[in-house]
Amino acid sequence: MKTLRSVKGMHDVLPRSMPAWHAVEEGYRELVERFGYQEIRTPLLEPIELFVRGIGDSTDIVEKEMYAFEDKGGDHLALRPEGTASAIRAYLQHGFQVESPQCKWYYLGPMFRRERPAKGRYRQFYQAGAELIGVAAPAADAEIIDMAVQFIESLGIGPVRVLLNSLGGEQTRPLYRKALVEHYSKHEQKLCEDCSRRLERNPLRILDCKVEGCRALSVDAPSVHDYLGEDDREHFDEVRRLLDKGGTPHQVEPTMVRGLDYYTRTIFEVQAESSALGAQTSVLGGGRYDNLVKQLGGRATPSIGFSFGIERLIMVMPESTHKEQVPLVFVAGVGKQSLDRALDIARTLRRQGRRVEVAHTGASLRSQLKKADKLGAAFAVIAGEEEAKRGGATLRNMTDGQQIEVRVDELSARLEELR
RNA sequence: GUGAGAGUAGUUCAAUGGUAGAGCCCCGGCUUGUGGUGCCGGUUGUUGCGGGUUCAAAUCCCGUCUCUCACCCCA
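So, a few notes on the structure that sits alongside this text. The model shown is predicted, which means the values in this text are computed figures rather than measured ones.

Attention now moves to the protein's contact with RNA strand B. Not every one of the 49 residues close to RNA strand B is listed here, only the nearest: Arg113, Arg121, Arg258, Gly259 and Arg366. A share of 49% is what sugar and phosphate atoms reach among the atoms of RNA strand B within 4 Å of the protein. Glu386 is positioned with one of its backbone polar atoms (N or O) 2.8 Å from a base oxygen of RNA strand B. Of the residues forming the surface near RNA strand B, the biggest block, 6 residues, is contributed by helix α14 (residues 365-374). Of the residues that constitute the surface near RNA strand B, the class distribution is 12 nonpolar, 15 polar and 22 charged.

So, on to helix α6 (residues 138-154). Helix length check: α6 (17 residues) gives 24 Å between terminal C-alpha atoms against 24 Å at 1.5 Å per residue, within 8%. Those residues of α6 not exposed but buried are Pro138, Ala140, Asp141, Ala142, Ile144, Ile145, Met147, Ala148, Val149, Phe151 and Ile152. Backbone geometry just after α6 places Gly156 at a positive phi near 80°.

Quick look at unusual backbone geometry now. Here Arg265, not a glycine, exhibits a phi torsion of approximately 50°, which is positive. Here Arg265 is to be found in strand β9 (residues 264-272). A relative accessible area of 16% means that Arg265 is categorised as buried.

We now examine the packing of aromatic side chains. Overall, the coordinates contain 11 aromatic pairs when judged by the stated rule. Note on Trp21 and Tyr126: the rings are 5.2 Å apart at their centroids and 90° apart in plane angle, and the pair reads as edge-to-face. Pair noted here: Trp21 is in helix α1 (residues 18-34) and Tyr126 is in strand β6 (residues 124-133), with a separation of 105 residues, a long-range link. Relative to Tyr263, the ring of Tyr262 has its centre 5.0 Å away and its plane inclined at 65°; by these criteria the two rings are edge-to-face. For the pair Tyr262 and Tyr263, a shared accessibility class is recorded, and that class is buried. Put simply, the rings of Tyr28, Tyr106, Phe151 and Phe308 touch in pairs and so form one group of aromatic residues.

The next thing to look at is helix α4 (residues 84-93). Across the 10 residues that make up α4, a large majority, 8, are buried. Check the buried side of α4 and you find it contacts β2 (45-47), α2 (48-55), α5 (96-99), β5 (103-112), β6 and α11 (292-295). Phi for Gly95, located one or two positions after α4, is positive at around 70°.

Moving on: the pairing of β9. Where burial is concerned, most of β9 is hidden: 9 out of the 9 residues are buried. Of the strand pairs in this sheet, strand β7 (residues 160-166) and β9 are connected by 7 bridges, and their pairing is antiparallel. Note on β9: the bridge partner recorded for Asn165 is Ile267.

Tallied over the entire structure, the rule returns 1 cavity of 30 Å³ or more. Put simply, the largest cavity is a space of about 30 Å³. As for the largest cavity, its lining consists of Ile40, Thr42, Arg80, Gly83, Ala87, Tyr107 and Met111. Looking at the lining of the largest cavity, its residues break down into 4 nonpolar, 2 polar and 1 charged.

Right, let's get into the pattern of salt bridges. Counted under the stated rule, the structure contains 22 salt bridges. Residue Lys104 is joined to Glu143 by a salt bridge in which the shortest nitrogen-to-oxygen separation is 3.3 Å. One end of the pair, Lys104, is in strand β5; the other, Glu143, is in helix α6, and 39 residues separate them in sequence. The partner of Arg407 in a salt bridge is Asp409, with the nearest N and O atoms 3.1 Å apart.

Okay, the nonpolar core next. Counting 46 residues, the largest nonpolar core has Tyr184, Leu191 and Leu207 as its most contacted members. Per-element accounting of this core gives the leading share, 5 residues, to α4. Counting residues domain by domain, this core receives three or more from each of domain 1 (15-169 + 228-321) and domain 2 (173-227). If sequence neighbours within four positions are ignored, Leu207 has contacts with Tyr176, Leu180, Tyr184, Ser218, Ala221, Thr255 and Val257. Ala23, Leu31, Leu277 and Ile304 belong to the second-largest nonpolar core, a separate cluster that totals 45 residues.

Note on placement: Glu63 falls in helix α3 (residues 60-64). Counting along the chain gives 11 residues from Glu63 to Val52, while the straight-line C-alpha distance between them is 8.7 Å. Those residues within four positions of Glu63 in sequence are excluded, and the remaining contacts are Asp57, Ser58, Arg197 and Arg201.

Sheets are built from strands that pair by backbone hydrogen bonding, the pairs being arranged parallel or antiparallel. With mixed pairing, 8 strands are arranged side by side in an open sheet as β1-β5-β6-β11-β10-β9-β7-β8. This sheet does not close on itself; its edge strands, each paired only once, are β1 (38-39) and β8 (251-252). Summarising the sheet, β6 and strand β11 (residues 303-309) pair through 7 bridges and their orientation is antiparallel. Along β11, the bridge assignment pairs Glu131 with Gly305. Its contacts with the sheet put α6 on β5, β6, β7, β9, β10 (282-288) and β11, and the angle it makes with β11 is roughly 15°.

Reading guide: rules and limits
- Residues numbered from 1 in each chain as written.
- Chains lettered and ligands numbered in written order.
- Predicted model: local features only at pLDDT ≥ 70, side-chain atom pairs only at ≥ 80, totals over all residues.
- Heavy atoms only, no water.
- Near = heavy atom within 4 Å.
- Polar contact = N/O pair within 3.5 Å; in protein donor to acceptor, adjacent residues only side chain to side chain.
- Helix = DSSP H or I, 4+ residues; strand = E, 2+ residues; numbered from the N terminus.
- Nonpolar A, V, L, I, M, F, W, Y, C, P; charged D, E, K, R; others polar.
- Expected span 1.5 Å × (residues − 1).
- Buried < 20%, exposed > 50% of the residue type's maximum accessible area, 1.4 Å probe, protein only.
- Phe/Tyr/Trp six-rings, centres within 6.5 Å; stacked < 30°, edge-to-face > 60°.
- Contact = heavy atoms within 4.5 Å.
- Pairing = 2+ DSSP bridges.
- 1 Å grid on protein atoms, 1.4 Å probe; cavity = no way out; pocket = protein on both sides within 12 Å on 5 of 7 lines; lining within 4 Å.
- Points joined across faces, edges and corners; volume = space filled by probe spheres on them.
- Salt bridge = Lys/Arg side-chain N within 4 Å of Asp/Glu carboxyl O.
- Core = buried A, V, L, I, M, F, W, Y, C linked by side-chain atoms within 4.5 Å.
- Domains from an automatic or database assignment.
- Axes fitted to C-alpha atoms, helices over the stretch in contact; angles between N-to-C directions.

These values are about where atoms sit, not about what they do.
Written out as structure tokens, the structure is:
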């Protein structure tokens, strides 16, 4: 029979890599909860309309990367490609807008994009993020960015670069858009195929194009910063001031735009200087989305958030930040009669909260110790017939090979001393 | 979606048209009482799949699938 494989671009995360995953997941929860963020879990499936309206129908994500299908009842559904749209949907659906318009939420879970897989890019990947909903003040931007950077650094990843830009808000965008269209229209025949399409639908994205001809045209393209309205300018300057004050180094990247349409004003990206990511450089990205709530049918609610890919983070994370496991105690019996005693000792130690492995068969002591070694046990408890006569067991330190005989009822106390 | 490379044991790889192999891993043993180094032994394969050429194909040809990398975009 043909052996089955996981779907293209979708991977098993095997037990051996869990120390890294847990370090990221638990480290993240711990940190954002310290900032007052609470977890929200939303469904993996949403009405496709949510992403079309939220992320934007001219984005690559919606245009060509969605896992969208019609279910048996004829509903048009999609596997979520990112987390923000769902969070805002939940925000509106459960009346937070009325009840408690300011929300600090975080999430963690699988996202789906049907792209060609490459290093650091998968069709099912795990993303975590945070959303600060309903706060317009620059201090919100600074908090989110600071939190993101603190988190990345807490994993021992460094040095990192924080790239910052402003796309402007409602007073800026129409003017800037017009200026861009004017600029690029003069050289329309030199634009690549994608960009001539973008000229109509999303001229901002041309700035981000990597094609030689388009890049040349972008060199003397108008800069957002010359078009920022007064409020947008002030907001951006204040965010920068707060970051400086908080000691978060950043660099302004005037041509940076992001691939999701909902961003307004502040956008940012954290890059790790590591070759482990292949062509990918960004480990975390985010920005302000002041129009999204309104676009999804709510009142205008300024908000900001970020998200990061767990797989990518793990690729650049040093092994030293992997979550440490509690010491393992292996209980070995010697001889058939001792198996019962070994099981008894194991049961007791487990009830006392220790991590314990025990042999299930009365194999030779040698092979049991081999197993203990393979499992990475810190200690072995040898329950042999000799010791049994004295109500004891041998406690062996697997690191240095030293061993002592102790009474069974003293085992736990001795283990405590030794750790 | 476009381009490139690669598919042989769990894994890393050898075998260039003539009997599919090695290291590592795994399992067992080396007086049923001592792991890590050592020694002995053992398991593991429709050579990704399908077709073609040939007396003979892992090897040459065609197709297909998968993986990897890059472009695009993003996490």
